[in-house]
Each structure stands twice: as C-alpha cells, then as structure tokens.
Amino acid sequence: NTKRYLANLSFAIMYGFFSAFLVKRFAPYAAGSGIPEIKAVLNGCVMRGYLSGWTLVVKILGLTLSVAAGLNLGKEGPVVHLACCVAFLTSNCFKLFRYNETSIRDVLSCACAAGVATAFGAPVGGILFAYEEASTYFPNH
C-alpha cells in the first residue's frame, strides 16, 4: 500500500511539474483562467500570441496533466479560453475575418458565449455572460 501511494504521489508531482514547465517554457499565456484576458481582448487590447496555436496546444496538455495530477481546476475559464483560441484560429482561415478586427471580436464574443454555455450546460447563460460581462460593445447590425 505504501509503495502504491508513493508511486501515485510521484506521478502526481511529475504531472504537475511537467504541466507548469510546459506553460512557463512554451506558452505563458496558457496560465490562469483566461476570462480576464478574453475580456481585455474583446475590449480592444492587443495581446499577441494569446490566442495562438501554441497556446491552445499547451493549454490542452497543461489542463490534462493538471487534472491527472489531481489538482482542482475551474472549468469555465479554461473552456472559454479554448473556445476563443479555436474560434480565432478558424476565423484566420477566412479572408473576411483575417483583417477585420470588428468581425474577429464578434466571433470571439460568440466563442466566449459558447465556452460558458459548454462549461455550465446553459446556452442562455452563455449568451447573457457574453453580452453582459465579456463584451462592452455590440453593433446594431
């Protein structure tokens, strides 16, 4: 029993340290919840690399290793960050969104709503969160 406990403890410590190493070395923006930064991006702050592919990959690997290590993680912030990364990378594939900051913000706002809706299983709650909390400007078109 003691050997099994020590083996599980050593794997948990190893997973936690490897997760921290990945975030610190390859994608520092993958650290933390992600919601305050998404709010900043939606309000016009430019954060180069925050929604990049490296950030997406490191966030997924870091979350997986952290959960495997037994760490308690919130689900709303990381899911919102992942949804916004996927939406940003997908929208960059289309010429319509690539050079239009307003359209990218609209897509990111929808991704933020989708992330909250996915995390809590509440689609209307996701829309209200994106409308009330995340974005401060919505166009009338």
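The sections below set out a description of the structure shown in this document. (Residues numbered from 1 in each chain as written. Predicted model: local features only at pLDDT ≥ 70, side-chain atom pairs only at ≥ 80, totals over all residues. Heavy atoms only, no water.)

### Some remarks on the environment of Val 79
Right, on to step 1. Here Val 79 lies in helix α4 (residues 76-91).
Right, on to step 2. Put simply, Val 79 and Lys 59 are 20 residues apart on the chain and 9.9 Å apart in space, counted from C-alpha to C-alpha.
Right, on to step 3. Filtering out sequence-adjacent residues up to four positions away, Val 79 remains in contact with Gly 115, Thr 118 and Ala 119. (Helix = DSSP H or I, 4+ residues; strand = E, 2+ residues; numbered from the N terminus. Contact = heavy atoms within 4.5 Å.)

### Comments concerning the nonpolar core
Soluble, globular proteins show a tendency: their nonpolar side chains are buried together.
Right, on to step 1. Ile 38, Leu 51, Val 80, Cys 84, Leu 108, Cys 112 and Phe 129 are the most contacted members of the largest nonpolar core, which totals 20 residues.
Right, on to step 2. Counting residues per element, the ones that place at least two in this core are α2 (35-42), α4, α6 (101-120) and α7 (123-134).
Right, on to step 3. Of the residues forming this core, the biggest block, six residues, is contributed by α4.
Right, on to step 4. Excluding residues that lie within four positions of it along the chain, Cys 84 makes contacts with Ile 38, Leu 51, Leu 108, Ala 111 and Cys 112.
Right, on to step 5. Grouped together as the second largest cluster of nonpolar side chains are six residues, Val 23, Ala 30, Val 58 and Leu 65 included. (Core = buried A, V, L, I, M, F, W, Y, C linked by side-chain atoms within 4.5 Å. Buried < 20%, exposed > 50% of the residue type's maximum accessible area, 1.4 Å probe, protein only.)

### Describing α6
Right, on to step 1. Spanning 20 residues, α6 covers 29 Å between terminal C-alpha atoms, matching the ideal 28 Å at 1.5 Å per step.
Right, on to step 2. Taken together, the buried positions of α6 are Ser 103, Ile 104, Leu 108, Ser 109, Ala 111, Cys 112, Ala 113, Gly 115, Val 116, Ala 117 and Ala 119.
Right, on to step 3. At the N-terminal end of α6, a side-chain oxygen is found 3.3 Å from the backbone nitrogen of Thr 102, two or three residues along, and the residue is Asn 100.
Right, on to step 4. Residue Gly 121 follows α6 closely and has a positive phi angle near 70 degrees. (Expected span 1.5 Å × (residues − 1). Polar contact = N/O pair within 3.5 Å; in protein donor to acceptor, adjacent residues only side chain to side chain.)

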